[in-house]
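Chain residues, written in single-letter form:
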Amino acid sequence: MILSFVIKINVSESNIKSYPDDLGIIFLIGFMGCGKTTLGRKLANRLGYDFMDLDHLVEAREGMAIAAYFAKHGEAAFRELESAVLKQTAYPENVVVSTGGGLPCFFDNMDWMNAHGKTIYIKLSPKTLADRLEKEKEHRPLLREHHGEALVTFIADKLTEREPFYCRANIIADGLSLTAEKVEALLQV
Ligand code: S3P
């Protein structure tokens, strides 16, 4: 009796975390190249949560890369599809989800994410995003044709359109030298 009591105390103490119980799903949002997937994996690892990447779920569901889907069906069909995948996925209880850069800006996706979990916007400047994206934009259909200064301008214009949605996130994090430790600290409200 006494022994089981002692064991119970030890187990529960080792599990104590200072996060609110109802954290739900943690959604990482932000422009292409802001680091959602890399950071998401690290954060999930740190918290002992699962990790899911919505772009990968879309690709798995359709059996083709996003660039191929865009080329075959166009952007409007892609937006319908990614919204359906967002809302129809069976998420595990504790999970970090990285989302496609445009997803928060279509339909009621931002409301849906805020209603089902915590949203974190990883914010970076157009110049920093352009530097990161210049060499890895081939598989991103919206960016392919833009180079150099034109890429910076394109990103700045898109960010002006998108930030009203991104800024409805529960947490806005400066993406420069952002670490999983820092995000964890921001979650401990
Ligand atoms: C898009 C971002 C991409 C992908 C698609 C469209 C966008 O995801 O969903 O190419 O509109 O910003 P990442 O942000 O993961 O690159």
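Note that this is a predicted model, so its numbers are computed, not measured.

### Overview of the site of the ligand
Taken together, 13 residues lie near the ligand, and Lys36, Asp55, Arg79, Arg140 and Arg162 sit nearest. Here an oxygen atom of the ligand sits 2.7 Å away from a polar atom, N or O, in the side chain of arginine 162. Here the ligand loses 94% of its free accessible area of 390 Å² to cover by the protein chains. In terms of residue class, the shell around the ligand is built from five nonpolar, three polar and five charged.

### Re the sheet that holds strand β3 (residues 95–98)
One open sheet holds the five strands; their spatial order is β2-β3-β1-β4-β5, and the pairing between them is parallel. The open sheet is flanked by β2 (50–53) and β5 (171–174), the only strands paired with a single partner. Neighbour to neighbour, the strand axes of the sheet diverge by 25 degrees on average, direction disregarded. With five bridges connecting them, strand β1 (residues 25–29) and strand β4 (residues 117–123) associate as parallel partners. Among the inter-strand pairings, isoleucine 25 is bridged to a residue of β4, identified as glycine 117. Relative to β4, helix α6 (residues 109–116) is tilted by about 125 degrees, and along the sheet it contacts β1 and β4.

### Some points on the environment of leucine 159
Topologically, leucine 159 is positioned in helix α8 (residues 148–166). Along the sequence, leucine 159 and glycine 30 sit 129 residues apart, while their C-alpha atoms lie 9.4 Å from each other.

### A look at the pairing of β4
Most of β4 sits inside the fold, with five of its seven residues counted as buried. Strand direction decides the pairing type here: β4 and β5, joined by four bridges, are parallel. Pairing of isoleucine 120 across the sheet is with isoleucine 171, part of β5.

Parameters at a glance
Residues numbered from 1 in each chain as written. Predicted model: local features only at pLDDT ≥ 70, side-chain atom pairs only at ≥ 80, totals over all residues. Heavy atoms only, no water. Near = heavy atom within 4 Å. Polar contact = N/O pair within 3.5 Å; in protein donor to acceptor, adjacent residues only side chain to side chain. Areas by Shrake-Rupley, 256 points an atom, 1.4 Å probe, with all protein chains shown as cover. Nonpolar A, V, L, I, M, F, W, Y, C, P; charged D, E, K, R; others polar. Pairing = 2+ DSSP bridges. Helix = DSSP H or I, 4+ residues; strand = E, 2+ residues; numbered from the N terminus. Axes fitted to C-alpha atoms, helices over the stretch in contact; angles between N-to-C directions. Contact = heavy atoms within 4.5 Å. Buried < 20%, exposed > 50% of the residue type's maximum accessible area, 1.4 Å probe, protein only.

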